[in-house]
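Here is how the chains run, residue by residue.
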Amino acid sequence: MISAQCLTSCDDEEDENSRVAVILGGDQRPPCGAKNILMAPKIKLSSGYEMPVLGFGTYKLRGYQCTTAVHCAVETGFRHFDTAYYYENEKEVGEALRTQIKMGNVSRENIFLTTKLWNTHHDPRDVQRVCQQQLDLLGFNYIDLYLMHFPVGYKHLCDEILKPMSDDKLQTTDVDYIDTWRAMEDLVKLGLVRSIGLSNFNMEQMQRIIQCSSSKPVVNQVEIWPGFLQKDLVDYCRYNGIAVTAYSPLGQPNREDHSPIYFFSEGMKRLVKKYKRSASQIVLRYLVDYGVIPIPKAANPLHIKENLNIFDFKLEEADSRALRGIKPKKRIVKYEMVKDHPFYPFERDVDEDDQPDIKSIVEPEITNPQPEDEEEKEEDTNMNDE
């Protein structure tokens, strides 16, 4: 892992680009007494490109809220941004990033931008056309990381219909994700994207891609949070040199019903008091140490800054062990409308009550929730990604 960096600005000796942020190595002192803001360390992907180990998720951020959140994230120090065709906010994300570049606050080379190919565009004949359309919306000439959003293809009626329905049934296709992947490989050859990867794929599906293709995915973006760590999948990816991005990294905390339990527990309250950090910061630090790349979503500027400020403390082993001991929970994102498709990637009919009850200091009674943007549980859990 490449070490954390510092983001700082200088008020003295201003020139016409005085707003430009200066990125310094982690061992260097900031000039002019400016306050130091830690930036996320980076890992090197199997494609050779570097990716920050913490990203900014944008699922369900739209319009002005999306634009202002991305502006705040850039100015805070985020350099890794995650969007998707399905989120319908690529235009806003791109506009905010391009504005920040024009202001001199960041360069395109220092931005790591991820977006995704939606399920209605699995036909290999559609892949390049749609990718170019996404580039036009973003306003860039290349995408850093392009993911296949899900292994199951949906019927394509038009680009605007994201979930084609007939008689209350989602219309799918039998397009093989291997063929879609090969079309994505062409995007790299054309220079439209730098790296390609997957989202919501299981181990067997990843192995099939590795065996049947000329290149392997550099990333698999999946649901991971304390209580749903997917250790076998993470271990498989680590063995094969595939980085793992964690969406819904907090478990979608919900203040109304105090779920998931661990986030609002007495044990978590003790950790918050001990480290003088929010529950979200503790969880994100834990996941980075676990070896995955969280992409929390936030709209509140305070939460955006908190989410990035996790690289100047470390959890003690006993506390990490307690978080690992949380009782396994059910998957949140299920895509149940396509569970009968042969490419459906998730387990079926798993009863949470059958899981072992692993005792942990992080799961006693539920009290005193911590405020956070991602705590608002999404209504559409079948398609919730961040």
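The structure under discussion appears in the preceding block.
Rules used throughout
Residues numbered from 1 in each chain as written. Predicted model: local features only at pLDDT ≥ 70, side-chain atom pairs only at ≥ 80, totals over all residues. Heavy atoms only, no water. Helix = DSSP H or I, 4+ residues; strand = E, 2+ residues; numbered from the N terminus. Buried < 20%, exposed > 50% of the residue type's maximum accessible area, 1.4 Å probe, protein only. Contact = heavy atoms within 4.5 Å. Core = buried A, V, L, I, M, F, W, Y, C linked by side-chain atoms within 4.5 Å. Salt bridge = Lys/Arg side-chain N within 4 Å of Asp/Glu carboxyl O. Pairing = 2+ DSSP bridges. Right-handed = clockwise from strand over helix to strand, strands pointing away. Axes fitted to C-alpha atoms, helices over the stretch in contact; angles between N-to-C directions. Parallel < 35°, antiparallel > 145°, perpendicular 65-115°, else oblique. Left-handed = near helix turned anticlockwise from the far one by under 90°. Nonpolar A, V, L, I, M, F, W, Y, C, P; charged D, E, K, R; others polar. Polar contact = N/O pair within 3.5 Å; in protein donor to acceptor, adjacent residues only side chain to side chain. Lys, Arg positive; Asp, Glu negative; His and termini not counted. Phe/Tyr/Trp six-rings, centres within 6.5 Å; stacked < 30°, edge-to-face > 60°.

Helices and strands together make up the secondary structure of the chain, namely 10 helices and 15 strands. The burial tally for the chain puts 56% of its 386 residues in the buried class. Partitioning the contacts of the chain with sequence separation of at least 6, the portion at a separation of at least 24 is 75%.

Let's shift gears to the nonpolar core. Grouped together as the largest cluster of nonpolar side chains are 110 residues, with contacts concentrated most on Phe56, Val70, Phe81, Leu97, Tyr146, Ile224 and Met268. The leading source of residues in this core is helix 8 (residues 279-290), at eight residues. When residues no more than four places from it in sequence are discounted, the contact partners of leucine 97 are Val70, Val74, Phe81, Ile111, Leu113 and Phe140.

Let's shift gears to the environment of aspartate 168. One can find aspartate 168 in the loop between strand 10 (165-166) and strand 11 (169-170). Using a relative accessible area of 75% as the deciding quantity, one classes aspartate 168 as exposed. Along the backbone, aspartate 168 and methionine 337 are 169 residues apart, and their C-alpha atoms lie at a distance of 9.7 Å.

The residue after serine 259, namely proline 260, is reached through a cis peptide bond having omega -5 degrees. Mapping proline 260 onto the fold places it in the loop between strand 14 (243-247) and helix 7 (266-275). With a phi angle near 55 degrees, glutamate 88 is a residue other than glycine that sits in the positive phi range. With respect to the element layout, glutamate 88 can be found in the loop between strand 7 (80-82) and helix 2 (90-102). Looking at glutamate 88, the relative accessible area reads 46%, which means it is partly exposed.

Bringing the pattern of salt bridges into the picture now. Applying the stated rule across the entire model yields 20 salt bridges. Residue aspartate 176 pairs with arginine 208 through a salt bridge whose shortest N-O separation is 2.6 Å. Note that aspartate 176 is positioned in the loop between strand 11 and helix 4 (177-190) and arginine 208 in helix 5 (residues 203-212), a separation of 32 residues in sequence. For arginine 208, a relative accessible area of 29% gives the class partly exposed. Linked through salt bridges whose partners overlap, the residues forming this network are Asp126, Arg129 and Asp159.

Counting buried positions over the six residues of strand 9 (residues 143-148) gives six, a clear majority of the element. Sheet topology places strand 8 (residues 112-117) next to strand 9; four bridges connect them, and they run parallel. Counted as the bridge partner of threonine 114 is leucine 145 from strand 9. After leaving strand 8, the chain enters helix 3 (residues 124-138) and then returns to the sheet as strand 9, a path that is right-handed. Here strand 9 runs beside strand 12 (residues 193-199); their pairing, made up of five bridges, is parallel. Residue pairing across strands places leucine 147 opposite glycine 197, the latter belonging to strand 12.

Their axes nearest at 10 Å, the elements helix 5 and helix 6 (residues 231-239) cross at an angle of 20 degrees. On the basis of their axis angle, the class for helix 5 and helix 6 is roughly parallel. Seen from above, helix 5 lies across helix 6 with left-handed handedness. Together, Met203, Met206, Gln207 and Ile210 of helix 5 and Asp232, Leu233, Tyr236 and Cys237 of helix 6 make up the contact between the two elements. Classifying every residue of the contact of helix 5 with helix 6 by side-chain character gives six nonpolar, one polar and one charged.

Next up on the list: the environment of glutamate 347. As for its placement among the helices and strands, glutamate 347 is situated in the segment after helix 10 (317-324). The spacing of glutamate 347 and lysine 334 is 13 residues in sequence and 9.0 Å in space, taken between C-alpha atoms. In this structure glutamate 347 touches Phe228 and Arg331, once residues within four positions along its chain are discounted. Within the local environment of glutamate 347, its side chain forms a polar contact with the side chain of arginine 331, the two groups lying 3.1 Å apart.

For the rest of this paragraph, the subject is the sheet that holds strand 6 (residues 56-57). As summarised here, the arrangement of the eight strands in space is 6-7-8-9-12-13-14-15, forming an open sheet in which the pairing is parallel. Among the strands making up the open sheet, the edge pair consists of strand 6 and strand 15 (293-294).

This next bit is on the environment of valine 152. The topology assignment puts valine 152 in the loop between strand 9 and strand 10. In this structure valine 152 comes out as buried when scored by relative accessible area, which is 0%. Look past the residues within four positions of valine 152 in its chain and what remains in contact with it is Asn119, His122, Thr172, Val338, His341, Phe343 and Tyr344.

What follows deals with the side chain of glutamate 90. Note on placement: glutamate 90 falls in helix 2. Summary of buried charges: glutamate 90 has no salt-bridge partner, and the nearest side chain of opposite charge, lysine 116, is 8.4 Å away. Ignoring any residue separated from it by four or fewer positions in sequence, one finds glutamate 90 in contact with Thr83, Ala84, Tyr85, Thr115, Gln134, Leu137 and Leu138.

The tally for this structure, following the rule as stated, stands at 16 aromatic pairs. Between tyrosine 59 and tyrosine 87, the ring centres sit 5.1 Å apart and the planes meet at 65 degrees, which makes this aromatic pair edge-to-face. Placement of tyrosine 59 in the loop between strand 6 and helix 1 (63-76) and of tyrosine 87 in the loop between strand 7 and helix 2 is noted, with a sequence separation of 28 residues between them. Tyrosine 87 shares its class with tyrosine 59; the two are buried.

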